[in-house]
Amino acid sequence: MKIHRGIGWGEIVKNLLSAKLPVLGAAQEWQAIHRLTEVGVPTMTAVAYGERGANPASQHSFIVTEELAPTVDLEQLSLNWLQRPPEPMLKWALIREVASMTGAMHRAGVNHRDCYICHFLLHTDRPIKADDLRLSVIDLHRAQVRRTTPLRWRNKDLAALYFSALDIGLTRRDKLRFLRTYFHQQPLRQVLREELSLLNWLERKATKLYERKQRYGERL
């Protein structure tokens, strides 16, 4: 269960002045879960939602979802990949699955706003095999749902995802595998040509985030 008790006008104004969209309640997560479920992106199962009050600064709301267990998030799973690389087939399967889920999420008009590998859960109720993986994306309380995902927000998700995977030993071919799947099986040459400015921006943005994390221990 997640409970929201209102953040007050001061916090709302502070968020808006810093160009951040405030999270006013549980409605965003409820809407995002339902949209992803509609398009077949594995996520949480929402079972209850409620809200009280019309004032956005003091509105109370809650959401209840079914537990996802047993699972391990991909950040924990990949912690020692630099020292002990995983089986290539498993790594490639995870990359394809994350790319497929992220691409489907964005094509459905949902951007996550906290799109890190720690928010992708690998289900461990059965042996982990490259040809039989089950992942779920979680923590959607800041997600936005629209008819289409604006490029700005799509790119911010991709930068966060790339940044969170900088320390796990991805190779250039691993990145190309992600791109090929994310861009819905478009030819790689076409993706690299048409998305060159995006790819260069992702490198700069992820590096900047990583350097800031090294200095301050922050994500964003």
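Right above here is the structure, for reference.
This one's a predicted model, so the numbers in the text were calculated from it and none came from an experiment. (Residues numbered from 1 in each chain as written. Predicted model: local features only at pLDDT ≥ 70, side-chain atom pairs only at ≥ 80, totals over all residues. Heavy atoms only, no water.)

Caption draft 1: Examining the environment of Val47 more closely. Along the chain, Val47 falls in strand β2 (residues 46–52). For Val47, a relative accessible area of 48% gives the class partly exposed. Spatially, the C-alpha atom of Val47 lies 9.5 Å from that of Trp30, the residues being 17 residues apart in sequence. Sequence-distant contacts of Val47, defined by excluding residues within four places in its chain, comprise Val64, Thr65 and Glu66. (Helix = DSSP H or I, 4+ residues; strand = E, 2+ residues; numbered from the N terminus. Buried < 20%, exposed > 50% of the residue type's maximum accessible area, 1.4 Å probe, protein only. Contact = heavy atoms within 4.5 Å.)

Caption draft 2: The arrangement of helix α2 (residues 27–39) in detail. Its 13 residues give α2 an end-to-end C-alpha distance of 19 Å, which sits within 8% of 18 Å, the value for a rise of 1.5 Å per residue. Within α2, burial applies to Gln28, Glu29, Ala32, Ile33 and Leu36. One face of α2 carries all of its buried residues, which in axial projection span an arc of 130 degrees. Backbone geometry just downstream of α2 places Gly40 in the positive-phi region, at approximately 85 degrees. (Expected span 1.5 Å × (residues − 1). Arc of directions from axis to C-beta.)

Caption draft 3: Spotlight on the state of the cysteines. Scanning the entire structure with this criterion turns up 0 disulfides. No disulfide involves Cys115; its nearest neighbouring cysteine sulfur is the one of Cys118, lying 9.7 Å away. By relative accessible area, which is 0% here, Cys115 ends up buried. (Disulfide = S-S within 2.5 Å.)

Caption draft 4: Here's a closer look at the sheet that holds strand β4 (residues 71–73). Reading across the sheet, the 3 strands line up as β4-β6-β7 and stay open at both edges, with antiparallel pairing between neighbours. Sheet topology places β4 and β7 (135–137) at the edges, where each strand pairs with a single neighbour. For this sheet, the mean angle separating the axes of adjacent strands, direction not counted, is 30 degrees. Each of β6 (120–123) and β7 touches helix α4 (residues 88–107); the most contacted strand, β7, lies at about 35 degrees to it. (Pairing = 2+ DSSP bridges. Axes fitted to C-alpha atoms, helices over the stretch in contact; angles between N-to-C directions.)

Caption draft 5: Summary view of the sheet that holds strand β3 (residues 60–65). Spatial ordering of the open sheet is given by β1-β3-β2, a layout of 3 strands whose pairing is antiparallel. What marks the edges here is a single partner per strand, and that holds for β1 (2–4) and β2. Neighbour-to-neighbour, the strand axes of the sheet open up by a mean angle of 5 degrees, direction not taken into account. In this sheet, β3 lies alongside β2 in antiparallel orientation, the contact comprising 6 bridges.

Caption draft 6: Examining unusual backbone geometry more closely. Residues Ala69 and Pro70 are joined by a peptide bond in cis, for which omega reads -5 degrees. One can find Pro70 in the loop between β3 and β4. Positioned with a positive phi, Arg113 is a non-glycine residue whose angle comes to about 75 degrees. Phi is positive for Asp139, which is not a glycine, with a value near 60 degrees. With respect to the helices and strands, the residue Asp139 is situated in the loop between β7 and β8 (144–145).

Caption draft 7: Spatial organisation of the packing of aromatic side chains. The full count for this structure, using the stated rule, is 4 aromatic pairs. Measuring from ring centre to ring centre gives 5.4 Å for Trp30 and Tyr49, while their planes differ by 25 degrees; the resulting arrangement is stacked. Here Trp30 is found in helix α2, whereas its partner Tyr49 is found in strand β2, with 19 residues between them in sequence. Of the residues examined, Tyr49 reaches a relative accessible area of 26% and is grouped as partly exposed. Here the aromatic rings of Phe178 and Tyr182 are separated by 5.9 Å at their centres, their planes lie at 10 degrees, and the arrangement is stacked. A residue pair is termed a helical-turn pair when its members lie 3 or 4 positions apart in one helix, as Phe178 and Tyr182 do in helix α6 (residues 172–182) at 4 residues. Accessibility classification places Phe178 together with Tyr182 in one group, the buried group. (Phe/Tyr/Trp six-rings, centres within 6.5 Å; stacked < 30°, edge-to-face > 60°.)

Caption draft 8: Focus on α6. Turning to α6, its buried residues are Asp174, Leu176, Arg177, Phe178, Leu179, Thr181 and Tyr182. Buried residues along α6 sit against α4, α5 (151–164), α7 (188–194) and α8 (196–216). Residue His184 follows α6 closely and has a positive phi angle near 60 degrees.

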